[in-house]
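# Topology and contacts: notes
What follows is each chain in one-letter form.
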Amino acid sequence: MNANAPIKPPLAIDTLVLHGGTFRTDPATSAVAVPIYQTTSFAFESTEKAKRISRFEEIAYTYSRVANPTVDAFEQRLAQLEGGVAALGVASGQAATAVAVLALVQAGDNIVASQGLYGGTVNFFRERLKQFGIEARFVDSTDPENFRRATDGRTRLYFGETLPNPKLTVFPIREVADIGRPLGIPLIIDNTASPLAAKPLDHGAAIVVYSATKYIGGHGTTIGGAIVDGGNFPWADFPERQPLINNPDPAYDNRSYVELAAALGGPIAYVVRARAAIVRDLGPSLSPQNAFQLIQGLETLPLRLERHFSNARTVAEFLSRHPKVARVIFPGLQTGEDKRRADTYLSGGYGALIGFEPTGGEQSALAFIDNLKLVYHLANIGDARTLAIHPFSTTHGQLSEAEKAAAGVTPAFVRLSIGIENPVDIIADIEQALARV
Ligand code: PLP
């Protein structure tokens, strides 16, 4: 047995999380756990090699802002799990969205985005992109044709979330991807709330972004993010629509990213630009320490998700029968087109997020949260522990009334992120808090 020979796919997802990527053992020590390569820099073999690597003519480690072996092991495993050709680990989910978008836009361009997005993403698109002269056009994704209607000659990308919370109506991935593809417009999907449950690349998305802070890390310990390149988008066919990928970049001897990717030998033009132009110049790199934590998270992700999903279904059904609950929002309990989309795109599970409105309105929602004992009151999702929050006054507080309404954030809305505790204890806590409102 060659301890360093990578295991070749096809492997099942729950095997890939442990064995995916080229890392098998540490070449220096035969360590089996991916070591934390806590180093800023890597020594060059020769001046000739140093020059080639710095110009991205050859891939090798030089400096951990650009690439690092621990981060690389995380990136390779995630890319394989997602069915992509390569991934890029970054410092947070916000960094993933920012880098993913900035790789394709410049002043004067616009993007078309779903109204159903994480509040921080909305704020970044609306306020920060504006600083750079880039316009974000928000559309209602209930009708996918709204994306086409908002498109013009300077539209560079479409953006949506598979399972946007708190509304929890699943994004029409195939429908929007199919509108963009003939126009040369890629669909970027934030799959943070539905890792493994949804495979956006299988439905035509070109790029997937994650806040790895949530389910991938899984324990509420680590901020991180990632971008996965599907390698399935024909960038070179759209030189006018995608100038930043196709035009010469003076920073790399006037070569384009299509040329650089061809020389490196893969359909990786987009992710090479994201790494070589955006992360290298702006610096939101994932640290090796955090990449190590995220690898630990990935290894148990399928097991944890099974429990997250079954607990969520149990809690959603409990809430839907409770006399003090007016409305429960959970993909598995939807009807009509929403249910069809949930069944199509969440083929691996309906997720672990639930919204509900108590019959007593906003005051009851606030009292419910204040009376929880086991469930934590905090602004996160995807922790192993069950979490609750009032989005109207917190996570979505920066949005206008109209934007809150479009995102499904009513004053009475409580968001639950169901953890992996014993479901009997989760329900007992919810029951006692509802008894006090
Ligand atoms: N995308 C979604 C769907 C999120 O829920 C979040 C954070 O809550 C983010 C992106 C941003 O991720 P991070 O907090 O890791 O920057």
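Reading the values: the criteria
- Residues numbered from 1 in each chain as written.
- Predicted model: local features only at pLDDT ≥ 70, side-chain atom pairs only at ≥ 80, totals over all residues.
- Heavy atoms only, no water.
- Helix = DSSP H or I, 4+ residues; strand = E, 2+ residues; numbered from the N terminus.
- Rg over C-alpha atoms; globule rule 2.2 N^0.38 Å.
- Buried < 20%, exposed > 50% of the residue type's maximum accessible area, 1.4 Å probe, protein only.
- Areas by Shrake-Rupley, 256 points an atom, 1.4 Å probe, with all protein chains shown as cover.
- Lys, Arg positive; Asp, Glu negative; His and termini not counted.
- Charge placed at Lys NZ, Arg CZ, Asp CG, Glu CD.
- Pairing = 2+ DSSP bridges.
- Core = buried A, V, L, I, M, F, W, Y, C linked by side-chain atoms within 4.5 Å.
- Domains from an automatic or database assignment.
- Contact = heavy atoms within 4.5 Å.

## Brief notes about the overall build of the protein
- Broken down by element type, the protein carries 16 helices and twelve strands.
- Against the globule reference of 22 Å for 437 residues, the protein gives a C-alpha radius of gyration of 22 Å, in line with a compact fold.
- Along the longest, intermediate and shortest principal axes, the C-alpha atoms of the protein span 75 × 55 × 35 Å.
- In the protein, which comprises 437 residues, the share counted as buried stands at 56%.
- If you sum the accessible surface of the protein, you get close to 17300 Å²; carbon and sulfur atoms cover 53% of it.
- The positive charge centre, built from 40 side chains, and the negative charge centre, built from 44, are 1 Å apart in the protein.

## As for the sheet that holds strand 12 (residues 414–417)
- One open sheet accounts for five strands, arranged 8-9-12-11-10; its pairing is mixed. Because the sheet does not close on itself, it has two edges, and the strands there are strand 8 (325–329) and strand 10 (376–377).
- Bridge analysis of strand 8 against strand 9 (residues 353–358) gives four bridges, and the strand direction is antiparallel. Counterpart to Val 328 in the pairing with strand 9 is Phe 356.

## Some points on the nonpolar core
- One finds Phe 74, Leu 319, Ile 354, Phe 368 and Leu 416 to be the most contacted residues of the largest nonpolar core, which totals 81 residues.
- Two domains each provide a minimum of three residues to this core, namely domain 1 (13–289) and domain 2 (302–435).
- In this structure Leu 416 touches Val 315, Leu 319, Ala 352, Leu 353, Ile 354, Phe 356, Phe 368, Leu 387, Ala 388 and Ile 430, once residues within four positions along its chain are discounted.
- Among the nonpolar cores identified, the runner-up in size contains 49 residues, and Val 99, Phe 233, Leu 260 and Val 272 belong to it.

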